[in-house]
Amino acid sequence: MTVHLEVAEGVGTLRLDRPPMNALDVAVQERIRELAEEATRRDDVRAVVLYGGEKVFAAGADIKEMRAMDHAAMVLRARGLQDSFTAVARIPKPVVAAVTGYALGGGCELALCADYRIAADNAKLGQPEILLGLIPGAGGTQRLPRLIGPAKAKDLIFTGRQVKADEALAIGLVDRVVPAADVYTEAHAWAAKLAQGPAIALRAAKESIDTGLEADLDTGLTVERTWFAGLFATEDRERGMRSFVEDGPGKAKFR
């Protein structure tokens with residue numbers, strides 16, 4: 001298999017494994033979708049790490065495969081490409097990308113589907129599709145400007161240039177930069193901590209934020225209000241409040 005889902009201690013690692021550069025051909029895209037949907041369903045997966053291995057996250061699409069496609073073929077395939085990445089973005093659990101080496105094109109777009117990005121100090125990210133006479137097609141023109149703003153996104157997409165980890169951090173494309181040897185460990189620790197949290201409340205927080213970003217303020221507030229009230233029906237809410245009153249803040253143990 002070119003993509004694996006490995007689960008331990010509540011954390012599911014969605015691991016790309018197509019040497020040497022984790023090129024994202026159609027088979028890999030479909031496998032990503034399948035495993036993202038599996039991670040969504042599985043109760044033993046409480047948080048997810050996206051990881052490409054020690055050397056590279058994903059250097060982009062399989063250009064040889066893509067070159068063989070004509071307009072008609074891509075009309076049929078483009079929706080499936082987007083859907084595979086959207087399945088990752090819609091995992092209703094915390095998702096962190098552990099970015100090593102190159103995250104270019106589709107690799108960068110996959111990292112954009114995470115809630116949080118931890119990058120190696122040797123990482124390089126970018127959307128070089130313009131250099132092929134194309135534009136990003138797996139969500140880059142939409143998720144990138146929502147994350148870093150339209151001007152910075154246009155700079156990266158118009159020029160196709162790659163940014164190193166320090167610039168990626170400065171513009172908000174990644175959230176932390178750590179030594180390359182520590183990337184997966186740090187990402188797993190972030191996910192493992194949240195895997196111990198209140199699962200329904202985390203889902204509510206993620207859905208409220210993501211829905212609100214795509215809607216007007218009143219709609220976002222309605223989603224927040226509905227989830228907020230609904231959480232009062234959960235056992236985790238009772239545990240959390242009881243622990244706060246009896247033991248002080250931050251000591252609750254959730255199931």
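Above this note sits the structure.
Reading guide: rules and limits
Residues numbered from 1 in each chain as written. Predicted model: local features only at pLDDT ≥ 70, side-chain atom pairs only at ≥ 80, totals over all residues. Heavy atoms only, no water. Buried < 20%, exposed > 50% of the residue type's maximum accessible area, 1.4 Å probe, protein only. Helix = DSSP H or I, 4+ residues; strand = E, 2+ residues; numbered from the N terminus. Pairing = 2+ DSSP bridges. Phe/Tyr/Trp six-rings, centres within 6.5 Å; stacked < 30°, edge-to-face > 60°. 1 Å grid on protein atoms, 1.4 Å probe; cavity = no way out; pocket = protein on both sides within 12 Å on 5 of 7 lines; lining within 4 Å. Points joined across faces, edges and corners; volume = space filled by probe spheres on them. Nonpolar A, V, L, I, M, F, W, Y, C, P; charged D, E, K, R; others polar.

Student: Help me understand the pairing of strand β3 (residues 47-51) in this model?
Tutor: With respect to burial, β3 is a largely interior element, five of its five residues being buried. Relative to β3, strand β2 (residues 11-16) is paired through five bridges, and the arrangement is parallel. If you follow V11 over to β3, its bridge partner there is A47. By the bridge criterion, four bridges tie β3 to strand β4 (residues 95-99) in an arrangement that is parallel. Residue pairing in the sheet places V48 in a bridge with V95 of β4.

Student: When you look at the packing of aromatic side chains in this model, what are you seeing that I'm missing?
Tutor: To describe a pair of aromatic rings, one takes the distance between the centres and the angle between the planes. One pass over the structure, following the stated rule, counts three aromatic pairs. Summarising the aromatic geometry, the rings of Y116 and W190 are spaced 5.1 Å apart at their centres and angled 5° between planes, so their arrangement reads as stacked. Residue Y116 is located in strand β6 (residues 116-120), and its partner W190 is located in helix α8 (residues 183-195); the two are separated by 74 residues in the primary sequence.

Student: Is there a simple way to think about the layout of surface pockets in this case?
Tutor: Taking a probe equal in size to a water molecule and rolling it over the atoms shows the remaining empty space. If you add up the space inside the largest pocket, you get close to 1,100 Å³. Elements with a minimum of two residues in the lining of the largest pocket: α3 (71-89), α5 (140-148), α8 and α9 (199-214). Ranked by residue count, the leading element in the lining of the largest pocket is α9, at ten residues. Across the lining of the largest pocket, the residue classes break down as 16 nonpolar, five polar and twelve charged. Approximately 510 Å³ is the volume found for the second largest pocket. Lining the second largest pocket are 31 residues, with A61, M66, L81, E129 and G137 positioned closest to its centre. The set of elements that each furnish at least two residues to the lining of the second largest pocket consists of α1 (26-41), α2 (63-67), α3 and α4 (106-112). Counting residues per element, the lining of the second largest pocket draws most heavily on α3, at six residues. Here the lining of the second largest pocket is built from residues that sort into 19 nonpolar, six polar and six charged.

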